[in-house]
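Coordinate inspection notes
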Amino acid sequence: QVQLVESGGGLVQPGGSLRLSCAASGFTFNSYAMSWVRQAPGKGREWVSGINSGGSSTVYADSVKGRFTISRDNAKNTLYLQMYSLKPEDTGVYYCVKELNGWPYGDIDYWGKGTLVTDSS
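Described below are features of the structure shown in this document. Treat the numbers as computed from the prediction; the structure is a model and nothing was measured.

Here we come to the state of the cysteines. Disulfide: a covalent bond connecting the sulfur atoms of a pair of cysteines. In the structure shown here, the tally under the stated rule is 1 disulfide. Residue Cys 22 pairs covalently with Cys 96 via a disulfide, S to S 2.0 Å. Where Cys 22 bonds to Cys 96 through sulfur, the torsion about that S-S bond is close to -75°, and the disulfide is left-handed. Of the two residues, Cys 22 is situated in strand β3 (residues 18-25) and Cys 96 in strand β9 (residues 92-99); the sequence distance between them amounts to 74 residues.

Rendered as structure tokens:
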């Protein structure tokens, strides 16, 4: 039922920019918080950012604060992650996440399949 499809990943140079998108379906999108989680090669999963159901409140991991911006378009059932000033350590698979309630507390309900971001050095 719930479907989360990430897109926008690719190869970028250090200091470059990239915008990820997540197309959501199968649930009432504007009732739930959404988040992004990433996994670097050979590493565990790291929570990156979250946004509340209405899009008025956002939160970021310290590692990306000031460089990444999370947003959502509830009319299009789409979540975004705009990434600037990319670093090699940003490399990894980025997952779109549906949270269990309307606030981004990190309570994961569903995961997407991920999109790969590679920052060369």
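Quick look at the packing of aromatic side chains now. Within the structure shown, the criterion is met by 3 aromatic pairs. Ring geometry for Phe 27 against Tyr 32: centres 5.9 Å apart, planes inclined by 75°, an arrangement best described as edge-to-face. A centroid spacing of 5.8 Å and a plane angle of 80° characterise the contact between Tyr 95 and Trp 111, whose relative ring orientation is edge-to-face. Taken together, the residues span a long stretch of sequence, with Tyr 95 in strand β9 and Trp 111 in strand β10 (residues 108-111) at a distance of 16 residues.

One open sheet holds the 4 strands; their spatial order is β1-β3-β8-β7, and the pairing between them is antiparallel. This sheet does not close on itself; its edge strands, each paired only once, are β1 (3-7) and β7 (68-73). Between one strand and the next, the sheet's axes are offset by a mean angle of 15°, whatever the strand orientation. Bridge analysis of β7 against strand β8 (residues 78-83) gives 6 bridges, and the strand direction is antiparallel.

About the thresholds
Throughout this document, residue positions are counted from 1 along each chain, in the order its sequence is written. Note on the predicted model: pLDDT of at least 70 is required for a residue's local features to be given, and 80 or more for side-chain atom pairs to be given and counted; whole-chain, interface and lining totals, by contrast, use all residues. Heavy atoms from the whole structure form the basis of all side-chain values; hydrogens and water molecules are not counted. A pair of sulfur atoms, both from cysteines and within 2.5 Å, is called a disulfide here. What counts as a helix is a DSSP run of H or I of at least four residues, what counts as a strand is a run of E of at least two, and both are numbered from the N terminus. Aromatic pairing here means that ring centres of Phe, Tyr or Trp (its six-membered ring) are within 6.5 Å. Orientation follows from the plane angle: under 30 degrees is stacked, over 60 is edge-to-face, and everything else is tilted. When DSSP locates at least two bridges between a pair of strands, those strands are taken to pair. Inter-axis angles, ranging from 0 to 180 degrees, are taken between N-to-C directions of lines fitted to C-alpha atoms, where helices are fitted over the stretch in contact.

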